[in-house]
There are 2 protein chains.
Amino acid sequence: MDETVLLGHGSGGTMMKRIIDEVFFEAYGTTELRQGNDAADLPSPAPGERIAYSTDSFVVTPHFFPGGDIGRLAVCGTVNDVATSGAIPKYLSCGFILEEGFPMDDVRRICASMAQAAREAGVHIVTGDTKVVNRGHGDGIYINTSGMGFIPAGRHLGGETCQPGDRILVSGTLGDHGITIMSCREQLSFHADLESDAAPLNHMIERVLQAAPDTRCFRDPTRGGLASTLNELAEQSSVDMAIREDAIPVKDAVRGACEMLGYDVLQVANEGKMVCVVPADQADAALAALRSDEHGIDAALIGEVGASAQGQRSRVTLETSFGSSRVLDMLVGEQLPRIC
Amino acid sequence: MDETVLLGHGSGGTMMKRIIDEVFFEAYGTTELRQGNDAADLPSPAPGERIAYSTDSFVVTPHFFPGGDIGRLAVCGTVNDVATSGAIPKYLSCGFILEEGFPMDDVRRICASMAQAAREAGVHIVTGDTKVVNRGHGDGIYINTSGMGFIPAGRHLGGETCQPGDRILVSGTLGDHGITIMSCREQLSFHADLESDAAPLNHMIERVLQAAPDTRCFRDPTRGGLASTLNELAEQSSVDMAIREDAIPVKDAVRGACEMLGYDVLQVANEGKMVCVVPADQADAALAALRSDEHGIDAALIGEVGASAQGQRSRVTLETSFGSSRVLDMLVGEQLPRIC
């Protein structure tokens, strides 16, 4: 195990998995935490219902970028994590860590953006906290949100429920958020064509669940991108997954930026996209439901779940545009720090 | 309003009240947020029951100090905020913001301490998040926790329920935490006699509620100390409060340090103490219940609630040891930054 904290420990990839397994689970590995889903699924005092609970901290730089800002991310990120469980997100907490000297107008602008995103999602910020650290000891603003929602009786979604034959869908184009942040940071010229996809996806998820009630799971491919998300799901369910490169929606500007910069778009973060795994006979209904939502217009069926070979680790493979096939790994280390 | 963020905006005093009122409430002033209690009191899906929900970020330096560390604080602080509502705290979320280069052994030690505090409180850490920021852009480790608990049917505690004639109790000696942190930071010599009081107080609160079921409210006098807490409660209930200096328990070492350094012990932070307001006829029972708990041995009755004068703002007064009386104000600005 590494002796100090490295950027990769926050990457969403294998290094993050290591600090979670070897440090956090070692200290307090509750059953809920070990489930490995984006939201904990907890007993509720109401019979049949359950509570979904999740948290995320946001440290993105720059704080403002095309398509959003750190406040919008902080609301959408947690709303989406809660919604992946099939819950109706209801309440958010918000903890600010502000740096002495940060402009108050920026705080106002970020709060207004949080309020707007909360309205879009239909959630309420009900409790908060503010800490201020000395100049030079933070980075302007960090935001933590946690979120709570109620899972209706009878819904049991989770990354551990995928089965061979299931279909894999994504709700739209990949890489928009990560490449937007990177291009702002480096002030690259393709910047004008791009914006972050940050959006609350709870209403879209609800549409899918109405149309495809046996949906296995949702997960938002944030840090570590689609590649890491599919590897997580495959491992949780002990299955293989195969996706087709040609089927994966990617904007030209994003594809161009990735080629120029040497990024694998499948490892780039998204903040307004969902992966969902559905039984084959509900795939068409799920896809239509995704496409009927403003945040799912570019949704696509990209692959399917297979049985993993006896005694082998779960594997995710990509059938490339050239017809060859390669193993798609989780992100190792850190590609693009602080994109959320 | 100030143009930039200042340390005082995180103080727990009047400046923090200003940023909350003028920035946060302006953007998203939900009813629950405006209640001004330490935990939001929310409808639960179970009839009669309610959910308590709270959050806190922790930025204390040093990370380790006599009597605790940032991890113990992060669990106890949120458990205590949830418990002030009369809830049984159940679940915690935990978000880490780690700085690249922070020693992994320190992460382990902090996590072990969080696990220990969670065991003492009887709560479970069920969901988490880890972000890593570049070297020089954080301060080793910041921790956010949020907490959720269930409020049994029939319990309605809150800072707005104090009535003239009620008695004011504190659960033990004041100033231990703030002065311990300050003495570590400045490496002062009285340091050896002091330790932080950081502790989960939910079991103590439950004892009081069994003995004094009509208890009006609990609040932990953290940032801003007893003076700020009483001013908050007096304002919420539109009452006056009067306390007696002689009745307030303070350790000799803390009193000495405050005199030497010019601090008002009533404005110094505590992390393992509760203020509680109870009807006069249940004050003895509440005091006995506090004293029967390991964290309430030094509990004392320190004053009472009075009617506020017609048309006047709520006022908290201190009857000094010399027999005179002075108005006790909320902390203005920041006395001792980053004590939690």
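Heads up: these notes are all about the structure in this document. This is a predicted model, so every value here is computed, not measured. All residue numbers here refer to positions counted from 1 along the written sequence of the relevant chain. Just so you know, chain letters begin at A and ligand numbers begin at 1, following the order they were written in. Predicted model: local features are reported for residues with pLDDT of at least 70 only, side-chain atom pairs are reported and counted for 80 or more only, and whole-chain, interface and lining totals are derived from all residues. In computing side-chain values, all of the structure's heavy atoms are included and hydrogens and water are not.

**Details of the environment of B:Asp284**
Moving on, step 1. Helix and strand labels come from DSSP, where a helix needs a run of H or I of at least four residues and a strand needs a run of E of at least two; each type is numbered from the N terminus. By the element assignment, B:Asp284 lies in helix 9 (residues 283-291).
Moving on, step 2. Distance from B:Asp284 to B:Gly136, taken between C-alpha atoms, is 53 Å for residues 148 residues apart in sequence.

**Comments concerning the pattern of salt bridges**
Moving on, step 1. Salt bridges are defined by distance alone: a side-chain nitrogen of Lys or Arg within 4 Å of a carboxyl oxygen of Asp or Glu. In this structure the tally under the stated criterion is 38 salt bridges over all chains.
Moving on, step 2. Salt bridges here are not isolated pairs; linked through shared partners, they connect A:Asp56, A:Arg223, B:Asp129 and B:Lys131.

**Structural notes on the interface of chain B and chain A**
Moving on, step 1. Two residues qualify as a contact provided that any one of their heavy atoms is within 4.5 Å of a heavy atom in the partner residue. Each partner contributes residues to the interface: chain B has 78 residues there, and chain A has 78 residues.
Moving on, step 2. The term buried area denotes the loss of accessible surface (1.4 Å probe radius) that occurs when two parts are joined, taken as the sum for both partners. Across the chain B/chain A interface, buried area totals approximately 6,500 Å², and carbon plus sulfur atoms make up 67% of it.
Moving on, step 3. Remark: the boundary between chain B and chain A carries four salt bridges.
Moving on, step 4. Across the salt bridge formed by B:Arg223 and A:Asp129, the nearest N and O atoms sit 2.8 Å from each other.
Moving on, step 5. Any pair of N or O atoms that falls within 3.5 Å is considered a polar contact. Within protein, one atom must be able to donate a hydrogen and the other to accept it, and sequence-neighbouring residues count only if both atoms are side-chain atoms. At the junction of chain B and chain A, the tally comes to 29 residue pairs in polar contact (both at pLDDT 80 or more).
Moving on, step 6. Mapped onto the side of chain B that touches chain A, the elements with two or more residues apiece are helix 1 (14-28), helix 2 (31-34), strand 1 (40-43), strand 2 (50-58), strand 5 (88-99), helix 4 (104-121), strand 6 (124-133) and strand 7 (141-151) of chain B.
Moving on, step 7. The leading source of residues in the side of chain B that touches chain A is strand 6 of chain B, at ten residues.
Moving on, step 8. Gly counts as polar in this scheme, as do all residues outside two lists: the nonpolar Ala, Val, Leu, Ile, Met, Phe, Trp, Tyr, Cys and Pro, and the charged Asp, Glu, Lys and Arg. Looking at side-chain class alone, the side of chain B that touches chain A contains 41 nonpolar, 22 polar and 15 charged residues.

**Remarks on the pairing of strand 5 (residues 88-99) of chain A**
Residues and elements named next belong to chain A.
Moving on, step 1. Only protein chains enter the calculation, and the probe is 1.4 Å; a residue is then buried if its accessible area is under 20% of its type maximum, exposed if over 50%, and partly exposed in between. Most of strand 5 is tucked away, with ten of its twelve residues classed as buried.
Moving on, step 2. The pairing of strand 5 with strand 7 (residues 141-151) spans ten bridges and is classified as antiparallel. Residue Ile97 lies in a different strand from strand 7, and its bridge partner there is Tyr142.
Moving on, step 3. Between any two strands, at least two bridges found by DSSP are needed for them to pair. Sheet analysis places strand 5 next to strand 6 (residues 124-133), joined by nine bridges and oriented parallel. Bridge assignment links Tyr91 to a residue of strand 6, and that residue is His124.
Moving on, step 4. Since strand 5 and strand 6 lie parallel, the crossover through helix 4 (residues 104-121) that links them has a hand, and here it is right-handed. Orient the strands so they point away from the viewer, and a crossover whose first-strand-to-second-strand path over the helix runs clockwise is right-handed.

**Side note on the packing of helix 6 (residues 202-211) of chain A against helix 9 (residues 283-291) of chain A**
Residues and elements named next belong to chain A.
Moving on, step 1. Viewed as axis vectors pointing N to C, helix 6 and helix 9 meet at an angle of 150°, and their least axial separation amounts to 8 Å. As judged from the angle between their axes, helix 6 and helix 9 are roughly antiparallel. Along this stretch, helix 6 crosses helix 9, giving a crossing that reads as right-handed. Seen from helix 6, the contacting residues are Met204, Arg207, Val208 and Ala211; seen from helix 9, they are Ala285, Ala286, Ala289 and Leu290.
Moving on, step 2. For the contact of helix 6 with helix 9, the class distribution of residues is seven nonpolar, no polar and one charged. Lines fitted to the C-alpha atoms define the axes, with helices restricted to the stretch that makes contact. Angles between their N-to-C directions range from 0 to 180 degrees. Each angle gets one of four labels, with under 35 degrees taken as roughly parallel, over 145 as roughly antiparallel, 65 to 115 as roughly perpendicular, and the rest as oblique. For any helix crossing, the convention is left-handed if the near helix is rotated counterclockwise from the far helix by under a right angle, and right-handed if that rotation is clockwise.

**Considerations on the relation of the copies chain B and chain A**
Moving on, step 1. Each copy is superposed on the other by least squares, with the fit set by C-alpha atoms of residues at a pLDDT of at least 70 in both. Superposition of chain B onto chain A requires a rotation of 180° combined with a translation of 0.0 Å along the rotation axis, giving an RMSD of 0.0 Å. Here the transformation between the copies is reduced to the relation of a two-fold axis.
Moving on, step 2. Comparing contact sets, 100% of the residues at the interface of chain B also lie at the interface in chain A, consistent with an isologous, same-surface contact.

**Topic: the sheet that holds strand 5 of chain B**
Backbone-to-backbone hydrogen bonds pair the strands of a sheet. The strands run either parallel or antiparallel.
Residues and elements named next belong to chain B.
Moving on, step 1. Reading across the sheet, the five strands line up as 1-2-7-5-6 and stay open at both edges, with mixed pairing between neighbours. Both edges of this open sheet fall to strand 1 and strand 6, since each of them pairs with a single strand only. Averaged over neighbouring strand pairs, the angle between their axes works out to 20° when direction is ignored.

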